[in-house]
Amino acid sequence: VSRSGAGHCYRVVGHVVEAPWGIRGVDSRAARLAVANGALPADGCEPSTAYAEFRLETATATLDDGTELRQLEGDLPWALCVHSVHLSTVAGAHPDLELARALHARDPTTYPDANHRPKLMLALTPFEALVGFRRRSELAELLQRTPELAACVSADAQLALHRCADTPDAESEAVRGVFASWATCDAALAKSQLDALVERLRREQRVGPSKPGPAWERKAARTVLRLAQAHPGDRGVMLPLLLNYLLIAPGEAFYVAPRELCAYVAGECVELAAASANVVAAGLTDRPLDAATLVESLSYATGGPDVEFGRVVEEKPGTHTLRYAPDVADFEARVTTVEPGHVVALDSLPVPSMILVLQGVGQSSSAPGPDGASPKRKHRYDLAPGKALYVTEGTCHLRVSVAAGASGPLRFVRASENLDMPGDSSDDETAAS
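Being a predicted model, the structure only gives us computed values, none of them experimental.

Cut-offs and rules
Residues numbered from 1 in each chain as written. Predicted model: local features only at pLDDT ≥ 70, side-chain atom pairs only at ≥ 80, totals over all residues. Heavy atoms only, no water. Axes fitted to C-alpha atoms, helices over the stretch in contact; angles between N-to-C directions. Helix = DSSP H or I, 4+ residues; strand = E, 2+ residues; numbered from the N terminus. Parallel < 35°, antiparallel > 145°, perpendicular 65-115°, else oblique. Left-handed = near helix turned anticlockwise from the far one by under 90°. Contact = heavy atoms within 4.5 Å. Nonpolar A, V, L, I, M, F, W, Y, C, P; charged D, E, K, R; others polar. Pairing = 2+ DSSP bridges. Buried < 20%, exposed > 50% of the residue type's maximum accessible area, 1.4 Å probe, protein only. Lys, Arg positive; Asp, Glu negative; His and termini not counted. Salt bridge = Lys/Arg side-chain N within 4 Å of Asp/Glu carboxyl O. Polar contact = N/O pair within 3.5 Å; in protein donor to acceptor, adjacent residues only side chain to side chain.

> Explain the packing of helix H6 (residues 155-163) against helix H7 (residues 168-184) to me, and be specific about the residues and the numbers.
At a minimum axis separation of 8 Å, H6 and H7 run at an interaxial angle of 160°. Taken together, the axis directions place H6 and H7 in an arrangement best described as roughly antiparallel. Classified by chirality, the crossing of H7 by H6 is left-handed. Here H6 contributes Ala157, Ala160 and Leu161 to the contact with H7, which in turn contributes Ala174, Val175, Gly177, Val178 and Ser181. Residues of the contact of H6 with H7, tallied by class, amount to six nonpolar, two polar and no charged.

Right, here's the structure in full:
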């Protein structure tokens, strides 16, 4: 519940994160949004710096006057972020609540909180990711056709994969055996086989493979070679052979559940996730890996995620809103488009929300309520990419307008808790476990 009272709206300033996998300079959307937002000085965007994330969350967001949003409003259960990925985030999985609590109690430095981190990814550009384990049939075929991968997996695990019953539980257990054998195999063996794999794939890239495989295998091979450039010697470079490769278009989205292995390969996206910094790393990083914890952390469900296109929740002349709401209480996202010369009235929500402009220019303003009464606290903000507003719960009549002469539409994302699943998300997952 808002500490400042219902029906308020504030402009907020986020923060930018630098990381080796980010996009450099002004080519990074995260950097451009941060500059426009005020999180990064206009002259502070360095061409050689890799800007990976622009984040809006109560842990770090401030108001225009420097007041911490957390101090004013408390903590939100979600964080809104724009990722700019040049080549591969850390590969890993986020624990569920039960595991997060156990890991935090055991090692609070590596796992700094006791929360889970489901997440929703909405593509802003063509976006590549590795998400979840391949189906048993694909893994079996890859093990047969990729001797370097097979050398890192025990004969017993490979045999169990080929012989397992055709049920989800049996398939998951067999996939677990393959992954556990690969993740725990001797480091020197893994490196030598990775080097041999990369050398062979580079040779085949020049002259062509002796036995052309299916399209998904060729995509996996290309991704291995790209990751090898950024992470030489890291066994995580082999992960495209084990995980589903996903390429989605702008406006498409996918959900990643806790305990599901994932890495963003390249592209730019909006990510909405539960407020947590916990990740169990699986590769593509310099940090030490805990193979035992990793093996125990994963769900081993197979098959890629469903690609979501958003559900139309409002459509009027010149405006439409798409809703992305996975089956999790922590968050949902609404993406609204307003064409030039049109106005949209935003719903008042029973929970706090955050608005981030992604494209175009316009204005937000207070609007009279249904009874015609003027709002107690009037405001008017110019909107452009990077501008962000925090809206408290309760009645807050807002209008967003775009001038008739604007060069294109205004598009913004509004993040909040999932309105279909009220209540504390931690209690929900605990009850379900």
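> An account of the sheet that holds strand E19 (residues 380-383) is needed here, citing residue identities and associated values.
Paired through their backbone hydrogen bonds, the strands of a sheet run either parallel or antiparallel. Here four strands make up an open sheet; going across it, the order is E16-E21-E18-E19 and the pairing antiparallel. Every interior strand has two partners, whereas the edge strands, strand E16 (343-346) and E19, have only one. On average, each strand axis in the sheet is tilted by 20° relative to the strand beside it, whichever way the strands run. In terms of strand pairing, E16 meets strand E21 (residues 398-401) through four bridges, oriented antiparallel. Opposite valine 344, over in E21, you have valine 400 as the bridge partner.

> Can you break down the side chain of lysine 119 residue by residue, with the values?
Topologically, lysine 119 is positioned in strand E7 (residues 119-123). Look at lysine 119: it is buried, it has no salt bridge, and the nearest opposite charge is glutamate 271 at 4.0 Å. Separated by 3.2 Å, the side chains of lysine 119 and histidine 94 make a polar contact. For lysine 119, the contacting residues outside a window of four places in its chain are His94, Phe254, Tyr255, Val256, Cys262, Tyr264, Glu271, Leu272, Ala273 and Phe331.

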